[in-house]
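Structure at a glance
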Amino acid sequence: MKRKELIALPALGVTDEIRGMAYKDVGREKTEQYSWRNETYIIHNYCVYLRAAVMEGILKIEAYKGEDVRQCNEEPEYIIFLSAEENKYITYLTREQKWSSSKIKNLRYRNYDYKKRYRDYCWISGEEREDVRNYLGSDSAEIYNAVDEWQTTARHRKEICEIDRVMDQVTESPADFGQWVREEAFWRKQYIFYDAQKGEAYCTACRQTVKTRMKSVHNKKVICPGCGRVVTAKSWKKQKYINDNETAALIQKIPEGYIIRSFRCSKNHKIQNRWKEEVYFREGERLLLDKKMRYVKGYEYTYFKQTGKTRWCNSCYTYTNTRAVVYYKNLPGIRQGTYLRDIPLEKMLEQTKGRKVDIKHLLHPEKITGFLIFAGLTRLAIENMDAYGYIRSKAKSAGEAMRIDGNRIHRLKELNGGLIVLGWLQYEQETGKKLRQDLIVSLDRSGISRKDMNGVLRYGITPERALNYIEKQKGNTAAVLEEWKDYLDMAEKARLNMGDDIVRFPKNMKRRHNELVELHNRKKELERLKGYQKLDDKIRKWTLEITRYYWQDKEYMIVPALRCEDLMREGRILHHCVGASSIYMEKMAEGKSWILFLRKKDYPEEPYYTLEIDMKTDKILQWYSEYDRKPDREKIQKVLNKYKKSLKRQQVTVKAAVGATA
């Protein structure tokens, strides 16, 4: 747009209709009362009157202030020029005789008078309104909004067109995609809600109410008596609401290459709906791949720039290694003519329903993946995608690739085993120790791999005995196994007999674990205590002085610490800092403050509260229990108040005795 040509365009001018409305709109005074002041202002119908016309392909909009028209000044406040062909706009400010790149909404506040209000900001005739809307291609009835939206997007028009060019290539989702999300995206997140009193349960997998005798299995994996699926048991009364989130992906072919559409899915179960699911999903991200399935660009559905409009935008935060449950029914058509043509990915995904997969690995698999799928090892194929290196991809035979013989490969196929089953079969071949098929299945279901169990097997414990012992312990399988391995390692360092079952399989493993931790910490403390001998000697000099801190009532007792070792033990058991360093020990040695132990009289050896008292003023500086907390706070505060009064009485008695002697 050339400015000289824009200025030369014919003026539209003020019409008789505009003059008539402006002259009548003299305004009326209105007063509003606020809490601290009254505000009086003049209210008019319109602030500006607009004229618009398309001239030589340019949309020209003239804005006349109502106040100027009433004063017989018919010069426009500003003139806006918009070119749809060049995708540009510019504004001429008539009073300043300057050009401006301001948008129409920013021009609204030129010479704004705060003593005036307007029922509607602008007026434009119906015919000219339609001309503007048609030129801008806008559905908005508000001309100010229509022009502002066009101006906002004008500077980003090239970017928008490029995005829309790609998005227009994306076809509709398959007709059964919604049903697939409901049925398979949440395949591994299914529940059975049981009512022990009624003897019935509702299974979300088969959507049936079945008879059952389930009791006390809340949050445990069980088999639905109706459909035979492995589901998570939930007590009808303990659970009120469940929300599951999942990411589903749809891969589609487009002329430019491929598009990966990512959907955020949500499944809700509410007790008021008798646990029937509500499934929602929406598309949030898209990835553009070239014809060789290499990443090109990412898009997300969000607010575009500062327009306030929600649309597809370029994204810098879309990850190329997205993990999702992938829709597989259209994959045969996508694989045609690509390097994936001989790898039936859809077969692998169909037989491992609900399994999340790294899409980057899915579209660029190792050559061994196709072999595993054709061999019926679909689960192993999909797990190997996330764990490169378990299978030798460049091996010349199946046995060499998986490091097991033909018999064990056959057993692996029978179980459709994954990496855990393969690991145990490799263990069997390496050690020559036969493992029962049902034992391998149990280890697989428990999620215990050979690698996880190595810290136990090294002590001559068989996998069967190890699994039986873990199952007898209360708690999460993984947590129990880690604690047991930690215990066995400490037992070996403590030079216990690791061939003795009493040592290897303690009845109360948690208690024995804590005892060894205590023993280990005790050894460390003994090493530290060697450096605290001088402090202990200084602390002992105050023995007579601190006898006045001894105190007891019917329920509690307070005893002063006598040595550094007491502080270290107290801090270790209560997990606070009193014995972590020599700070408090040095204060005691100097007679500045003293550490006292508050105990329950029924358990005099069990640490409860630790106190620090100023030896000059007898003021209690701080008092904390385990992890620097204050259980029974109000009750203990009363006990301490009572203790402080007893200390004051002792001081009075001592002073009185001294006075009598004098």
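Rules used throughout
- Residues numbered from 1 in each chain as written.
- Predicted model: local features only at pLDDT ≥ 70, side-chain atom pairs only at ≥ 80, totals over all residues.
- Heavy atoms only, no water.
- pLDDT = per-residue confidence, 0-100.
- Helix = DSSP H or I, 4+ residues; strand = E, 2+ residues; numbered from the N terminus.
- Contact = heavy atoms within 4.5 Å.
- Phe/Tyr/Trp six-rings, centres within 6.5 Å; stacked < 30°, edge-to-face > 60°.
- Buried < 20%, exposed > 50% of the residue type's maximum accessible area, 1.4 Å probe, protein only.
- Lys NZ or Arg CZ within 6 Å of the ring centre and 35° of its normal.
- Pairing = 2+ DSSP bridges.
- Axes fitted to C-alpha atoms, helices over the stretch in contact; angles between N-to-C directions.
- Left-handed = near helix turned anticlockwise from the far one by under 90°.
- Nonpolar A, V, L, I, M, F, W, Y, C, P; charged D, E, K, R; others polar.

Some thoughts on the confidence of the model for the protein
- Of the residues in the protein, 97% reach a pLDDT of 70 or more, and the chain-wide mean stands at 89.
- Ranking the elements of the protein by mean pLDDT puts helix α26 (residues 633-661) last, at 73, and strand β21 (residues 556-560) first, at 95.
- For the stretch residues 654-662, pLDDT sits under 50, and the model shows 0 contacts to residues farther than four places along the chain or on other chains.

Looking at the packing of aromatic side chains
- Considering all chains together, one arrives at 23 aromatic pairs under this definition.
- Measuring from ring centre to ring centre gives 4.0 Å for F193 and W275, while their planes differ by 5°; the resulting arrangement is stacked. With F193 in strand β8 (residues 191-195) and W275 in the loop between β14 (257-270) and β15 (277-289), this residue pair connects regions lying 82 residues apart in the sequence. Of the two residues, F193 and W275, neither departs from the other in class, the shared state being buried.
- Ring centres 5.7 Å apart and planes at 65° place the aromatic pair W551 and Y643 in the edge-to-face group. Of this pair, W551 sits in strand β20 (residues 551-552) while Y643 sits in helix α26, and the two are 92 residues apart along the sequence. This pair shows no difference in class: W551 is buried, exactly as Y643 is.
- One aromatic cluster is present, built from ring pairs that chain together F177, W180, F263, F281 and Y327.
- Geometry around Y608 places K600 over its ring, the cationic atom sitting 4.7 Å from the centre.

Topic: the pairing of strand β1 (residues 28-33)
- The buried fraction of β1 is low, at 0 of 6 residues.
- Summarising the sheet, β1 and strand β2 (residues 38-55) pair through 6 bridges and their orientation is antiparallel. Its bridge partner being in β2, K30 is matched across the sheet by Y41.

Observations concerning the sheet that holds β21
- Pairing in this open sheet of 5 strands is antiparallel, and the strands run β20-β21-β22-β23-β24 from one edge to the other. If you trace the sheet from one side to the other, it starts and ends with β20 and β24 (620-624), each paired once.
- Of the pairings in the sheet, the one linking strand β23 (residues 609-614) to β24 comprises 4 bridges and is antiparallel in character. Its bridge partner being in β24, E612 is matched across the sheet by Q622.
- Each of β22 (593-600) and β23 touches helix α24 (residues 564-574); the most contacted strand, β22, lies at about 55° to it.
- Strand contacts of helix α25 (residues 583-590): β22, β23 and β24, with the helix running at about 110° to β22, the strand carrying the most contacts.

Focus on the environment of K220
- Positionally, K220 belongs in the loop between β10 (208-211) and β11 (221-223).
- Residues K220 and T232, 12 residues apart in the sequence, show an inter-C-alpha distance of 5.6 Å.
- Setting aside chain neighbours within four positions, we find K220 in contact with V231, T232 and A233.

Side note on the pairing of β14
- The element β14 is extensively covered by neighbouring structure, given that 12 of its 14 residues are classed as buried.
- As paired elements, strand β13 (residues 241-254) and β14 share 14 bridges and run antiparallel to each other. Along β14, the bridge assignment pairs I242 with H269.
- The loop that links β13 with its antiparallel partner β14 comprises 2 residues.
- Judged from the 12 bridges that link them, β14 and β15 form a sheet pairing that is antiparallel.

A closer look at the sheet that holds β15
- Taken together, 7 strands build an open sheet; the order of strands is β17-β16-β15-β14-β13-β18-β19 and the sheet is mixed. Single-partner strands in this sheet number two, and they are β17 (310-315) and β19 (357-358).
- Relative to β17, strand β16 (residues 295-303) runs antiparallel, the two sharing 6 bridges. Among the inter-strand pairings, E300 is bridged to a residue of β17, identified as C313.

A short note on the packing of α24 against α25
- Relative orientation of the contacting elements α24 and α25 amounts to 145°, with a least axis distance of 10 Å. With respect to the hand of their crossing, α24 and α25 are arranged in right-handed fashion. Contacts between α24 and α25 involve C564, L567 and M568 from the first element and Y584, M585 and M588 from the second.
- Tallied by class, the residues present in the contact of α24 with α25 amount to 6 nonpolar, no polar and no charged.

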